[in-house]
Amino acid sequence: MKTTSLISLGLFLGIGVALSSCVGAPISGSKQSQFSVRVAPGKKTKITSTSLVKQDCTFAGFPYTGVIKDPAHGKVEIEHGPVASKFPKDSNAYLCSGKTVQGNIIYYTSNAGFTGTDQFTLRLAGLNTDGTVQDGTFKVHVGR
């Protein structure tokens, strides 16, 4: 029994290491989206949130959310917490929109003294319970 568990763990880790180099590379077929937001300089600001739900609209786990292109003039933080789920109309999870579940909250904070435009890209996977992958580029306008 222990041998089987160790083999499974080894295979899992091996696949994870092999795929880890893919995080920054474009995924063929991933949905590409552009977003624009306005934030105050130097203030930690919620940019968006993500969630993953089961068919009964209960928490299914935290969707993969990774920064694949860092902002040049600030930082992105991803935290767990309650979020109002939001799914597109063509998603099989659309009926769960508006329900509060645990999820990922994405924050942006500009560097001290910076004003202007910054940009970063996130990779989001498994958002619609069907394993879809989305790369979202966020254009951040930092100013008053």
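Structure report, in brief. Just so you know, these numbers come straight off a predicted model, no measurement behind them.

1. Some details on the nonpolar core
In terms of nonpolar packing, the biggest core is built from 13 residues, with Ile47, Tyr108, Phe120, Leu122 and Val140 touching the most fellow members. Where this core is concerned, the elements lending two or more residues are strand S1 (31–39), strand S5 (100–110), strand S6 (116–125) and strand S7 (133–142). Aside from chain neighbours lying at most four places away, what touches phenylalanine 120 is Ile47, Lys69, Asp70, Pro71, Val76, Ile106, Tyr108, Gly136, Thr137, Phe138 and Val140. Listed in part, the nine residues of the second largest apolar core include Val53, Val83, Val101 and Ile105.

2. A closer look at the side chain of threonine 45
Note that threonine 45 resides in strand S2 (residues 45–51). For threonine 45, a relative accessible area of 19% puts it in the buried group. Residues in contact with threonine 45, not counting those within four places in the same chain, are Val39, Ile106, Tyr107 and Tyr108.

3. Re the state of the cysteines
The final tally for this structure, using the stated rule, is one disulfide. For cysteine 57, the disulfide goes to cysteine 96, at an S-S distance of 2.1 Å. On the sign convention where negative is left-handed, the bridge of cysteine 57 and cysteine 96, at about -80° about the S-S bond, is left-handed. Here the residue cysteine 57 occupies a position in the loop between S2 and strand S3 (64–69), and cysteine 96 occupies one in the loop between strand S4 (74–84) and S5, the gap between them amounting to 39 residues.

4. A closer look at the sheet that holds S2
Taken in spatial order, the three strands make up an open sheet running S2-S5-S4, and their pairing is antiparallel. Across the chains shown, the open sheet's two edge strands, defined by having one partner strand only, are S2 and S4. Across the sheet, the mean angle separating the axes of adjacent strands is 25° when strand polarity is ignored. Looking at chain direction, S4 and S5 are connected through 11 bridges and run antiparallel.

The rules we used
Note on numbering: residues in each chain are counted from 1, in written sequence order. Owing to the predicted nature of the model, reporting of local features is limited to residues with pLDDT of at least 70; listing and counting of side-chain atom pairs is limited to 80 or more, with chain, interface and lining totals taken over all residues. As a convention, hydrogens and water are excluded, and side-chain values are obtained from all of the structure's heavy atoms. Note on terminology: a nonpolar core comprises buried Ala, Val, Leu, Ile, Met, Phe, Trp, Tyr and Cys residues joined through side-chain atoms within 4.5 Å. Relative accessibility thresholds used throughout: buried, under 20% of the residue-type maximum; exposed, over 50%; partly exposed, between the two (1.4 Å probe, protein chains only). Only runs of H or I of at least four residues qualify as helices and only runs of E of at least two qualify as strands under DSSP, and these elements are numbered from the N terminus. Only heavy atoms matter for contacts: two residues are in contact if any of them lie within 4.5 Å across the pair. Here, two cysteine sulfur atoms that lie within 2.5 Å of each other are counted as a disulfide. Strands are treated as partners if at least two bridges between them are detected by DSSP. What counts as an axis is a line fitted to C-alpha atoms, over the stretch in contact for a helix, and the angles between N-to-C directions run from 0 to 180 degrees.

Take it as geometry only, folks, not as evidence of what the structure does.
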